[in-house]
Amino acid sequence: RIRGGLTRSQQGATNATAKKYPLRQGRSSGSDTELNDLKACDTPPRTPTGNGPYSESDPEVSGPGDGPDERLAKELSLKEAAAHDLSHRPKRRRFHESYNFNMKCPTPGCNSLGHLTGRHERHFSISGCPLYHNLSSDECKQGKVTSRDKQVEERALSHRQDENRHSTRNQAPSERQLRYKEKVTDLRRKRNYGLNKEQKEKHMDPRQSHGAGREPLLENITSDYDLELFRKAQARASTNLEKLRLAGHASSEGGNMIKSIVFGRYELDTWYHSPYPEEYARLGKLYMCEFCLKYMKSQTILRRHMAKCVWKHPPGDEIYRKTNISVFEVDGKKNKIYCQNLCLLAKLFLDHKTLYYDVEPFLFYVMTEADNTGCHLVGYFSKEKNSFLNYNVSCILTMPQYMRQGYGKMLIDFSYLLSKVEEKVGSPERPLSDLGLISYRSYWKEVLLRYLHHFQGKEISIKEISQETAVNPVDIVSTLQSLQMLKYWKGKHLVLKRQDLIDDWKAKETKRGNSKTIDPTALKWTPPKGS
């Protein structure tokens, strides 16, 4: 086909001659191939007279048949060869070599050499310091080689079973998984539960000589298998943390990162970076009012603020109260400053949170515990006012001082209670944080076991479970699969009622009691308009 008087092949030829790309090694012309041949030869190239190596200072000698075109071609080839020579450029450095060498490891007595992962020659933080972890650089490198061999072996085994990995009918564990489970069980049985006198003295010596400058010795505290998993997690976390610091998202020791906050009668160590204003972030410690969440620079300013602050509970409407537990509904549009401060506070303990200032499209449900001084913040969750995918939670947090006390499940249960009142099926927004995923899986497990405990029929429907519990069917199916209660037999999906799991849940429920549960009769709430 002809376009503009040129065929497609002619256009290609024209473009090929018009576009030039820099090449690392010259080729395609006769002079370039000659240069390549000369570079490949062991002996240096000789002049046309054969007297010695050719250099630019020597007079140019050309053969009797050389014309001006050939001499021009030789000059161009020499210029191209010089342009393609990259020896004068600085060597490209790896990521971990790109930081400032003035940065030193803060561990006393450390020379900043080596890295916990064994991959890098230097480190600049405690998290990557072999000396702090009571290791040497050589031990870290040897551990890296061993872990690499294990990864290669595990990858080869996993590739052999790829064809069965996505089978929907094969819900039972594979032979490899069962063997691995038995292996882990045997390794954990070998744990040494008691320490003799020599081991106790060995564990106490580093603490007495180095204090908090070294990590406590972890050998003989748990099984070797669990200790190896912990070491791997430490190494991976140190790499991610130093990458964030080099990229500017987090700071090194002494940089712009809030390390602790004074919140009520607690002083809390922070987990992640939060984008507070720089003048506050560089202080390292923030002082917060636990009622209005205003952040301040010093204890004196906080004391003066508390003398004048009239807040004793979150703003908004109190929609739930039972004993000393209350839940307040706070509109992000009506109480913008409070909700922004709440999001900044939550980011100190959440890794995946990205919402800080755009709080107007959200409702915040703040749980508090009351005493004679006021309503103290326990945790909160937020949800969109109009969620297209029926998410009933956008972000959820339990304050660190109230973790592992049942408040996280109370927040999750309360979010599903609101979904039941709205007559909707809800699900949390993804991705969930690590702690959030653990909490939700535990909650879904309890909901399903409670439903099966009271269920008396012979045929069960996922849709009916979803409508009664307000849990998304996808979450129900994934939970049943994780509990190995969903099987495929003779062309039908069967739900197995495992009495052993139900008995375990019943025993834990009786031991825990009903102190940390949500009472639906204590809710005084109507869904907002347009939800």
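Residues numbered from 1 in each chain as written. Predicted model: local features only at pLDDT ≥ 70, side-chain atom pairs only at ≥ 80, totals over all residues. Heavy atoms only, no water.

- Taking an unreviewed UniProt entry as the reference, the chain is identified by name as Histone acetyltransferase belonging to Gadus morhua.
- Per its UniProt entry, the chain bears the Sequence similarities (unreviewed entry) comment "Belongs to the MYST (SAS/MOZ) family."
- According to its UniProt record, the chain has this under Subcellular location (unreviewed entry): "Nucleus". (UniProt positions renumbered as here; feature names shortened; annotations may be inferred.)

1. A word on the UniProt feature "active site" (unreviewed entry) in the chain
- Following the UniProt record, the feature "active site" (unreviewed entry) maps to E429 here.
- Counting through the fold element by element, E429 comes out in the loop between β13 (427-428) and α12 (434-454).
- Owing to a relative accessible area of 28%, E429 belongs among the partly exposed residues under this scheme.
- Look past the residues within four positions of E429 in its chain and what remains in contact with it is E384, Y391, V393 and S394. (Helix = DSSP H or I, 4+ residues; strand = E, 2+ residues; numbered from the N terminus. Buried < 20%, exposed > 50% of the residue type's maximum accessible area, 1.4 Å probe, protein only. Contact = heavy atoms within 4.5 Å.)

2. Quick notes on the pairing of strand β12 (residues 395-398)
- Taking every second residue as pointing to the same face, both faces of β12 are buried, with C395 and L397 on one and I396 and T398 on the other.
- Relative to β12, strand β10 (residues 374-384) is paired through 4 bridges, and the arrangement is antiparallel. Looking across to β12, one finds that G379 is bridged to T398. (Pairing = 2+ DSSP bridges.)

3. Notes on the pairing of strand β15 (residues 492-495)
- In terms of strand pairing, strand β14 (residues 486-489) meets β15 through 4 bridges, oriented antiparallel. Bridging from a neighbouring strand, Y488 pairs with H493 of β15.

4. Description of a nonpolar patch on the surface
- A grouping of W271, Y272, L435 and I438 is seen on the molecular surface, where their side chains present a nonpolar patch of about 390 Å² in accessible area.
- Tracing the backbone shows W271 in the loop between β4 (266-269) and α8 (278-281). (Patch = residues over 30% accessible without salt bridge, like charges linked within 9 Å, V, L, I, M, F, W, Y side chains within 5 Å. Areas by Shrake-Rupley, 256 points an atom, 1.4 Å probe, with all protein chains shown as cover. Salt bridge = Lys/Arg side-chain N within 4 Å of Asp/Glu carboxyl O.)

5. Re the confidence of the model for the chain
- In this model, the chain carries an average pLDDT of 76, and 68% of its residues clear a pLDDT of 70 or more.
- Overall, residues 91-99 carries pLDDT values under 50, and its contacts beyond four positions in sequence, including any with other chains, amount to 15 contacts.
- Contacts for the low-pLDDT stretch residues 166-170, under 50 throughout, to residues beyond four places or in other chains number 1 contact. (pLDDT = per-residue confidence, 0-100.)

6. Focus: the side chain of T368
- Mapped onto the elements, T368 comes out in strand β9 (residues 362-371).
- Residues in contact with T368, not counting those within four places in the same chain, are P314, N324, I325, S326, F328, C375, H376, L377 and V378.

7. Regarding the nonpolar core
- Core analysis: the largest hydrophobic core is formed by 78 residues, its most contacted members being I261, L345 and F414.
- With 8 residues, the next largest nonpolar core counts V262, C292, M296 and C309 among its residues. (Core = buried A, V, L, I, M, F, W, Y, C linked by side-chain atoms within 4.5 Å.)

8. Topic: the sheet that holds strand β5 (residues 285-288)
- Strand order in this open sheet of 4 strands is β4-β3-β5-β6, and the pairing throughout is mixed. Of all the strands in the sheet, the pair left with one neighbour each is β4 and β6 (295-296).
- Relative to β6, β5 is paired through 2 bridges, and the arrangement is antiparallel. Paired with M288 across the bridge in β6 is Y295.

9. Some thoughts on helix α15 (residues 499-512)
- Under the 1.5 Å per step criterion, the end-to-end length of α15 is 20 Å for 14 residues, consistent within 8% with the ideal 20 Å.
- Restricting attention to buried positions, one finds in α15 the residues L501, I502, W505 and E509. Viewed end-on, α15 has its buried residues packed into an arc of 95 degrees, placing them on one side of the element. Opposite the buried face of α15, at more than 90 degrees from it, the exposed residues are T510 and K511.
- Buried positions along α15 lie against α12.
- G513 sits one or two positions beyond α15 and adopts a positive phi of about 85 degrees. (Expected span 1.5 Å × (residues − 1). Arc of directions from axis to C-beta.)

10. Considerations on α12
- With 21 residues, α12 extends 31 Å between its outermost C-alpha atoms, agreeing within 8% with the 30 Å of an ideal straight helix rising 1.5 Å per residue.
- Restricting attention to buried positions, one finds in α12 the residues G436, Y440, Y443, W444, E446, V447, L448, L449, Y451 and L452.

11. Re the pattern of salt bridges
- In total, this model carries 14 salt bridges according to the counting rule given.
- Across the pair R512 and E446 runs a salt bridge whose closest N-O atoms are separated by 3.2 Å. Of this pair, R512 sits in helix α15 while E446 sits in helix α12, placing them 66 residues apart in sequence.
- Overall, the relative accessible area of 13% leaves E446 in the buried class.
- Notably, a salt bridge pairs R512 with E509, separated by 3.0 Å at the nearest N-O pair. Of this pair, R512 and E509 are both found in helix α15, 3 residues apart, which corresponds to roughly one turn of the helix.
- R512 gets classed as partly exposed once you look at its relative accessible area, which sits at 42%.
- For E509, a relative accessible area of 16% corresponds to the buried category.
- When salt bridges with common partners are traced through the structure, they connect K409, E446, R450, E509 and R512 into a single cluster.

12. So, the packing of aromatic side chains
- Following the criterion strictly, the structure yields 13 aromatic pairs and no others.
- On the basis of an interplanar angle of 90 degrees and a centroid distance of 5.6 Å, the ring pair of W271 and F349 is categorised as edge-to-face. Of the two residues, W271 sits in the loop between β4 and α8 while F349 sits in the loop between α10 (336-347) and β9, which places them 78 residues apart along the sequence.
- Looking at W271, the relative accessible area reads 36%, which means it is partly exposed.
- Take F349: its relative accessible area is 3%, and that puts it in the buried class.
- With centroids separated by 5.6 Å and ring planes inclined at 85 degrees, the aromatic side chains of Y402 and Y407 adopt a geometry described as edge-to-face.
- Classification of Y402 as buried rests on a relative accessible area of 6%.
- Taking relative accessible area as the criterion, Y407 reaches 3% and is therefore assigned buried.
- Taken together, the ring pairs in this structure connect Y320, Y365, F381 and F414 into an aromatic cluster.
- The lysine or arginine in question, K297, covers the ring of Y280, its NZ or CZ lying 5.3 Å from the ring centre. (Phe/Tyr/Trp six-rings, centres within 6.5 Å; stacked < 30°, edge-to-face > 60°. Lys NZ or Arg CZ within 6 Å of the ring centre and 35° of its normal.)

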